[in-house]
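A closer look at the structure
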Amino acid sequence: MAVGSRFPVILCLALAAVLGSVLGFGEDIDRPLIGAPGSLIRLQESDPGLKKALEFAEERYNRGSNAMLLRKTSRLLSATKQLVKGILYSITVELSNTQCKKSTGLRTCDFYPELHKLKTEVCVFEVWDIPWQEASTQFKQKCKPKVETQPKETNEVVEASASQPLQESVALLGQFKEFMVRHNKVYSSQEEADHRLRVFHENLKTSEKLQSLDQGSAEYGVTKFSDLTEEEFRSTYLNPLLSQWTLHRQMKPAPRARGPAPASWDWREHGAVSSVKNQGMCGSCWAFSVTGNIEGQWFLKNGTLLSLSEQELVDCDGLDQACQGGLPSNAYESIEKLGGLETEVDYSYTGQKQRCGFTSMKVAAYINSSVELSKDETEIAAWLAENGPVSVALNAFAMQFYRKGVSHPMKIFCNPWLLDHAVLMVGYGELKNIPFWAIKNSWGEDYGEQGYYYLYRGSNACGINKMCSSAVVN
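Quick caveat, the model's predicted, so the values are computed rather than measured. (Residues numbered from 1 in each chain as written. Predicted model: local features only at pLDDT ≥ 70, side-chain atom pairs only at ≥ 80, totals over all residues. Heavy atoms only, no water.)

Notes on the overall build of the protein chain
Of the regular secondary structure elements, the protein chain holds 10 helices and 16 strands. In the protein chain, the proportion of contacts linking residues at least 24 apart, taken out of those at least 6 apart, comes to 73%. Accessible surface for the protein chain amounts to roughly 23,500 Å². Of this, 52% is attributable to carbon and sulfur atoms. (Helix = DSSP H or I, 4+ residues; strand = E, 2+ residues; numbered from the N terminus. Contact = heavy atoms within 4.5 Å. Areas by Shrake-Rupley, 256 points an atom, 1.4 Å probe, with all protein chains shown as cover.)

Remarks on the packing of helix α7 (residues 285–302) against helix α9 (residues 328–338)
Where α7 contacts α9, the two axes come as close as 9 Å, and the packing angle between them is 60 degrees. Comparing the axis directions of α7 and α9 gives the class oblique. In this structure, α7 crosses over α9, and the sense of that crossing is right-handed. Here W286, V290, N293 and I294 of α7 come into contact with α9, specifically with P328, A331, Y332 and I335. Tallied by class, residues from the contact of α7 with α9 come to seven nonpolar, one polar and no charged. (Axes fitted to C-alpha atoms, helices over the stretch in contact; angles between N-to-C directions. Parallel < 35°, antiparallel > 145°, perpendicular 65-115°, else oblique. Left-handed = near helix turned anticlockwise from the far one by under 90°. Nonpolar A, V, L, I, M, F, W, Y, C, P; charged D, E, K, R; others polar.)

Thoughts on helix α2 (residues 48–64)
Along an α-helix, residues three or four positions apart point the same way, because every turn accommodates 3.6 residues. Look at α2: 25 Å from first C-alpha to last across 17 residues, which is about the 24 Å you get at 1.5 Å a residue. Residues of α2 that are buried: L50, A53, L54, F56, A57, E58, Y61 and N62. Its side-chain oxygen at 3.0 Å from the backbone nitrogen of G49, D47 defines the N-terminal cap of α2. (Expected span 1.5 Å × (residues − 1). Buried < 20%, exposed > 50% of the residue type's maximum accessible area, 1.4 Å probe, protein only. Polar contact = N/O pair within 3.5 Å; in protein donor to acceptor, adjacent residues only side chain to side chain.)

Regarding the state of the cysteines
Summed over the entire model, instances satisfying the criterion amount to five disulfides. Disulfide pairing is shown between C282 and C323; the S-S distance is 2.0 Å. As the torsion about the S-S bond is roughly -95 degrees, the C282-C323 disulfide counts as left-handed. Of this pair, C282 sits in the loop between β8 (265–266) and α7 while C323 sits in the loop between α8 (311–316) and α9; the two residues are 41 residues apart in sequence, bridging distant segments of the chain. No difference in accessibility class separates C282 from C323, as the two residues are buried. The partner cysteine of C316 in its disulfide is C356, sulfur to sulfur 2.0 Å. The chirality of the disulfide connecting C316 with C356 is right-handed, given an S-S dihedral of about 100 degrees. Of this pair, C316 sits in helix α8 while C356 sits in the loop between α9 and β9 (369–372); the two residues are 40 residues apart in sequence, bridging distant segments of the chain. Assessed through its relative accessible area of 15%, C316 is described here as buried. Owing to a relative accessible area of 39%, C356 belongs among the partly exposed residues under this scheme. Indicated for the protein chain is the disulfide connectivity 1-2, 3-4, 5-7, 6-8, 9-10, based on numbering the bonded cysteines in sequence order. (Disulfide = S-S within 2.5 Å.)

By themselves, these figures tell us nothing about what the structure is for.
As structure tokens, then:
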């Protein structure tokens with residue numbers, strides 16, 4: 001008897017949809033996320049390569065387990081593949097106890113009909129398969145016990161199939177109404193409001209999945225982005241060009257820091273960081289990341305903290321694509337060619353591309369060159385503490401539902417090679433023994449912790465180490 005057979009088909013389909021949303025997949029099952037070689041492709045359960053990889057993962061799991069009973073996949077939650085010198089399969093499943101002992105060597109085993117004997121775990125497997133060598137050469141796994149909701153004892157006789165959905169619907173509508181009021185949401189029609197309610201509901205489930213699997217201390221939940229689909233959020237607020245590695249301009253390596261990194265550091269405490277800004281509905285994060293870095297560099301060299309113009313870059317940077325994305329390396333080069341940056345007051349932000357209105361007479365800050373930092377997090381910390389805030393990029397998937405705490409998403413949710421958001425790293429430290437990076441975001445002060453995002457430090461989480469750079473002011 002299969003475990004999934006006790007649950008309604010609709011619930012299973014909804015769960016599959018939620019996990020698809022969590023992992024960032026679109027509606028087309030075989031559509032690559034980015035479209036370039038090496039991008040992720042969502043898989044169906046019938047995929048032959050997936051079956052082989054899952055069998056390999058189950059065999060390795062059972063071989064390393066101390067349990068007496070054989071465990072098998074009771075439900076496939078999600079699966080992707082990626083071409084990286086072979087095929088990298090990333091698989092999320094539920095594994096449950098069968099009634100067979102591992103010593104029997106049997107392949108066909110039934111699951112326990114009693115839920116309390118299943119002892120189900122949610123596991124994420126990574127299997128690197130090299131077909132031309134007829135071998136799966138690399139294997140990683142991370143498993144957590146599945147939390148089952150225990151029914152409360154009651155003397156009341158209730159028709160569960162009728163009352164529970166009603167109660168859930170009332171609670172959902174209450175949450176959605178509160179969300180609309182708090183974030184001043186107004187929809188053009190009843191159809192649009194109904195659609196946004198459905199998206200809101202799916203996003204609640206997505207944030208719950210992130211919460212259950214987070215490895216840090218983060219709280220995920222309702223944010224001002226909770227009525228946007230993953231695709232809408234990505235296309236409106238993120239920056240796809242960051243993952244196009246062939247477009248990156250070669251930069252000079254930064255000299256190493258003269259001394260080791262102190263235990264903690266925060267440039268906000270030393271006057272080198274301006275207030276949190278808001279890029280609006282424009283993928284101009286690259287401009288905010290770079291101006292934030294230059295603001296810090298100018299302060300350290302001249303003692304004055306200026307708020308510099310992102311709109312100048314949106315309008316006048318011919319190397320980048322304004323609200324459609326850009327690269328910090330290009331932005332530095334454009335600023336050098338322009339001759340510097342005006343202030344926010346002189347060239348204010350509108351959040352859309354306009355005709356370039358740059359005036360050299362109003363230049364308030366300039367740069368001489370730019371450098372790329374080491375990809376070692378310890379060296380990045382030492383350089384930051386010595387030289388100022390750093391422009392960085394990361395995979396921002398978990399950021400859509402982040403509220404507070406130190407975020408540490410599992411790698412399958414936060415691929416370090418799929419960078420899509422540029423931000424400003426202003427410091428680092430520890431919170432309740434969890435090391436973190438302090439990151440200034442550009443989504444307004446009503447995002448995260450007063451506009452800041454805190455990310456786990458020490459595991460190259462979300463690719464935070466892959467694109468660190470700074471302007472140089474002599």
